[in-house]
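A closer look at the structure
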2 protein chains.
Amino acid sequence: MEPDILELERFLPYRLYRLADTVSREFSRIYKERHGLTRPEWRTLSGLGERGTMTATELGEQSAMHKTKVSRAVAELERRRWLTRTPDENDRRVEHLALTKTGLATYREMVPLAKAFEGELLARLSDEERVAIVRGVAALEGALERK
Amino acid sequence: MEPDILELERFLPYRLYRLADTVSREFSRIYKERHGLTRPEWRTLSGLGERGTMTATELGEQSAMHKTKVSRAVAELERRRWLTRTPDENDRRVEHLALTKTGLATYREMVPLAKAFEGELLARLSDEERVAIVRGVAALEGALERK
DNA sequence: TTTCGATGGTTACAAATGAAACCAGTTTGG
DNA sequence: CCAAACTGGTTTCATTTGTAACCATCGAAA
């Protein structure tokens with residue numbers, strides 16, 4: 001364990017990134033192959049499916065996306081007629097976004113697939129390992145938030 | 001807990017990605033601000049600093065990068081004269097990469113910063129939480145490998 | 001009210017990325 | 001020996017991304 005050497009394999013930021021990248025890449029096949037969605041588009045669909053109605057800003061907060069990603073994802077889903085925008089009564093800068101029937105149908109089709117994916121991933125771990133990853137992730141999330 | 005709803009906040013692929021993204025973004029400030037490096041460039045520097053000499057293919061495996069990323073990162077570090085290529089004796093397709101004195105000096109400068117970053121992140125967790133994240137990440141890595 | 005700083009959201013531009021084609025050079029099988 | 005398949009690595013092209021500038025609109029303060 002040389003002090004002046006960094007072992008990438010043990011370096012947490014690297015391991016986290018590689019892990020997330022691998023998982024996300026595999027999962028993305030589900031929405032990419034089936035519907036040609038990008039990740040921001042999937043998150044938009046997912047966020048609106050879950051919450052019903054949100055503004056672009058709220059969507060960005062809920063799904064950790066930069067406003068430009070949100071803007072472009074929303075534009076594309078609108079083009080597909082999977083969502084609609086309704087202008088806010090009081091503030092004309094704001095639009096309320098909601099899924100259309102078609103968008104909602106797609107969302108409903110994806111949810112079980114997403115859950116199955118997560119389930120199969122976790123199924124490969126032991127009970128203690130499952131507890132560990134969930135606990136550890138939550139702890140890091142907390143640490144970063146209150147930073 | 002509606003069965004036909006996916007809660008993004010609890011969905012492991014999303015949480016992992018967001019976590020890795022946040023951590024990686026913060027860490028990247030260290031090498032971006034100091035030396036204007038991209039992530040692939042940083043990983044190349046780090047990989048060669050750790051191992052001494054590698055081919056581009058080995059580097060890609062060690063640091064989980066697509067070959068095009070490796071190619072471009074190597075080209076840039078070579079341009080800065082932080083690494084050199086030595087043609088292989090037996091196989092003329094292969095080049096052995098190694099850091100120059102300057103490259104190595106930069107690497108040595110970065111190592112303590114990287115370790116400090118990781119240390120400060122982990123320091124915000126309790127002992128059990130630290131164990132949990134390390135254990136959980138290792139478990140998921142294993143699960144994905146043997147898939 | 002007018003002005004000025006924030007805020008919601010879009011757009012323009014440059015840089016980073018991924019897929020696939022590509023160019024050696026190398027190995028294998030006939 | 002030679003063609004075909006393969007491998008290490010680079011390049012091209014289209015897509016995605018991030019930053020910053022931008023265009024409304026809004027709210028607060030003068």
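Whatever comes next refers back to the structure up there.
Described below are features of the structure shown in this document. (Residues numbered from 1 in each chain as written. Chains lettered and ligands numbered in written order. Predicted model: local features only at pLDDT ≥ 70, side-chain atom pairs only at ≥ 80, totals over all residues. Heavy atoms only, no water.)

**Regarding the packing of aromatic side chains**
Each aromatic ring pair is described using two quantities: the centre-to-centre distance and the angle formed by the ring planes. According to the stated counting rule, one finds 10 aromatic pairs over all chains in the structure shown. Centre to centre, the rings of Phe 27 of chain A and Phe 11 of chain B are 5.2 Å apart; their planes meet at 65 degrees, and the pair counts as edge-to-face. Here Phe 27 of chain A is found in helix α1 (residues 12–35), whereas its partner Phe 11 of chain B is found in the segment before α1 (12–35) on a different chain. Phe 27 of chain A gets classed as buried once you look at its relative accessible area, which sits at 4%. Seen in terms of ring centroids, Phe 27 of chain B and Trp 42 of chain B are 5.6 Å apart; in terms of plane orientation they differ by 75 degrees. Their pairing is edge-to-face. Here Phe 27 of chain B is found in helix α1, whereas its partner Trp 42 of chain B is found in helix α2 (residues 39–51), with 15 residues between them in sequence. A residue is classified by how much of its surface remains accessible, and Trp 42 of chain B, at 4% relative accessible area, is buried. Here a set of aromatic residues connected by ring pairs shows up, and it is made of Phe 11 of chain A together with Phe 27, Tyr 31, Trp 42 and Phe 117 of chain B. (Phe/Tyr/Trp six-rings, centres within 6.5 Å; stacked < 30°, edge-to-face > 60°. Helix = DSSP H or I, 4+ residues; strand = E, 2+ residues; numbered from the N terminus. Buried < 20%, exposed > 50% of the residue type's maximum accessible area, 1.4 Å probe, protein only.)

**Observations concerning the packing of α1 of chain A against helix α6 (residues 127–145) of chain B**
Between α1 of chain A and α6 of chain B, the shortest axis-to-axis distance is 11 Å and the interhelical angle comes to 45 degrees. The angle between α1 of chain A and α6 of chain B places the two elements in the oblique class. Crossing handedness for the pair α1 of chain A and α6 of chain B: left-handed. Where α1 of chain A approaches α6 of chain B, its residues Arg 15, Leu 16, Arg 18, Leu 19, Thr 22, Val 23 and Glu 26 of chain A are matched on the opposing element by Val 137, Ala 138, Leu 140, Glu 141 and Leu 144 of chain B. (Axes fitted to C-alpha atoms, helices over the stretch in contact; angles between N-to-C directions. Parallel < 35°, antiparallel > 145°, perpendicular 65-115°, else oblique. Left-handed = near helix turned anticlockwise from the far one by under 90°. Contact = heavy atoms within 4.5 Å.)

**Describing the protein's contact with DNA strand D**
Around DNA strand D lies a shell of 22 residues, among which Arg 92 of chain A together with Thr 57, Lys 67, Arg 85 and Arg 93 of chain B are the nearest. Here, DNA strand D places atoms within 4 Å of the protein, and 59% of those atoms are sugar or phosphate. The contact in question runs from a phosphate oxygen of DNA strand D to an N or O atom on the side chain of Ser 71 of chain B, over 3.0 Å. Counting only elements with at least two residues in the surface near DNA strand D, the list comes to α4 (67–79) of chain A together with α3 (56–62) and α4 (67–79) of chain B. With 4 residues, α4 of chain B is the largest single contributor of residues to the surface near DNA strand D. In terms of residue class, the surface near DNA strand D is built from 3 nonpolar, 8 polar and 11 charged. (Near = heavy atom within 4 Å. Polar contact = N/O pair within 3.5 Å; in protein donor to acceptor, adjacent residues only side chain to side chain. Nonpolar A, V, L, I, M, F, W, Y, C, P; charged D, E, K, R; others polar.)

**Details of the nonpolar core**
Ranked by size, the top nonpolar core spans 84 residues in total, and within it Leu 45 of chain A together with Leu 45 of chain B carry the most contacts. Every residue in contact with Leu 45 of chain B, bar those within four places of it in the chain, is listed here: Leu 37, Leu 77, Trp 82, Leu 99, Gly 103, Thr 106, Tyr 107 and Met 110 of chain B. (Core = buried A, V, L, I, M, F, W, Y, C linked by side-chain atoms within 4.5 Å.)

**Comments concerning the sheet that holds strand β3 (residues 95–99) of chain B**
All names here are of chain B. Taking strand neighbours across the sheet as the criterion, the 3 strands line up as β1-β3-β2 in an open arrangement whose pairing is antiparallel. Looking at the sheet topology across the chains shown, the edges are occupied by β1 (53–55) and β2 (83–87). With strand direction ignored, the average angle separating the axes of adjacent strands in the sheet is 30 degrees. Against the sheet, α4 touches β2 and β3, its axis set at about 110 degrees to β2. (Pairing = 2+ DSSP bridges.)

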